[in-house]
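Secondary and tertiary structure notes
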Amino acid sequence: ADSNSVSVVFTSSFANTNYSISCQLRNTTDSSPSIYPMIITSKTASGFTVKLTGNTDSANYYLDWICSVYNNA
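Bear in mind the structure is a predicted one, so any value in this text is a computation, not a measurement.

Brief notes about the overall build of the protein
A count of helices and strands for the protein gives zero helices and five strands. Listed N to C, the secondary structure of the protein is β-β-β-β-β in terms of helices and strands. Across its three principal axes, the protein shows a C-alpha extent of roughly 45 × 20 × 20 Å. Long-range contacts, defined here as pairs at least 24 residues apart, represent 74% of the contacts in the protein between residues at least 6 apart. Accessible area of the protein: about 4900 Å², with a carbon and sulfur share of 49%.

Set out below in structure tokens:
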């Protein structure tokens, strides 16, 4: 359904929030998918939330993401 945010909950939490997030929207179904800029609005050890600039125009959008731990030197 239409959505303007996506919440990701990890199956295993990180020790803290010292991780980086890389994500993008995917829509390989619609013939002319719209573009929705996004921003991460919440980040915890157990997940994060992404806010889109508007409601998606179909239910064919998926958030592809990967997280990796980083060290602050």
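What about the pattern of salt bridges?
According to the stated counting rule, one finds one salt bridge in the structure shown. A salt bridge links D64 to R26, with the nearest nitrogen and oxygen atoms 3.0 Å apart. You can see D64 sitting in strand β5 (residues 62-69) and its partner R26 sitting in strand β2 (residues 19-26), a full 38 residues away along the chain. Here D64 falls in the partly exposed class, since its relative accessible area comes to 28%.

Some words on the nonpolar core
Buried together is how nonpolar side chains tend to be arranged in soluble globular proteins. In this structure, V8, F10, Y19, I21, Y36, F48, V50, L52, Y61, L63 and C67 together form the largest nonpolar core, which totals eleven residues. Elements with a minimum of two residues in this core: β2, β4 (47-52) and β5. The greatest single-element share of this core, amounting to three residues, is contributed by β4. With near-sequence residues (within four places) excluded, V8 lies in contact with S46, G47, F48, L63 and W65.

Details of the packing of aromatic side chains
In the structure shown here, the tally under the stated rule is seven aromatic pairs. For the pair F10 and F14, a centre-to-centre distance of 5.3 Å together with 85° between the ring planes defines the contact as edge-to-face. A relative accessible area of 11% places F10 in the buried class. With relative accessibility at 23%, the residue F14 sits in the partly exposed group. Seen from their ring centres, F10 and F48 are 6.1 Å apart, and the 50° between their planes marks the pair as tilted. Residue F10 is located in the loop between β1 (5-9) and β2, and its partner F48 is located in strand β4; the two are separated by 38 residues in the primary sequence. The class for F48 is buried, based on a relative accessible area of 2%.

Thresholds, definitions, all that
Residues numbered from 1 in each chain as written. Predicted model: local features only at pLDDT ≥ 70, side-chain atom pairs only at ≥ 80, totals over all residues. Heavy atoms only, no water. Helix = DSSP H or I, 4+ residues; strand = E, 2+ residues; numbered from the N terminus. Contact = heavy atoms within 4.5 Å. Areas by Shrake-Rupley, 256 points an atom, 1.4 Å probe, with all protein chains shown as cover. Salt bridge = Lys/Arg side-chain N within 4 Å of Asp/Glu carboxyl O. Buried < 20%, exposed > 50% of the residue type's maximum accessible area, 1.4 Å probe, protein only. Core = buried A, V, L, I, M, F, W, Y, C linked by side-chain atoms within 4.5 Å. Phe/Tyr/Trp six-rings, centres within 6.5 Å; stacked < 30°, edge-to-face > 60°.

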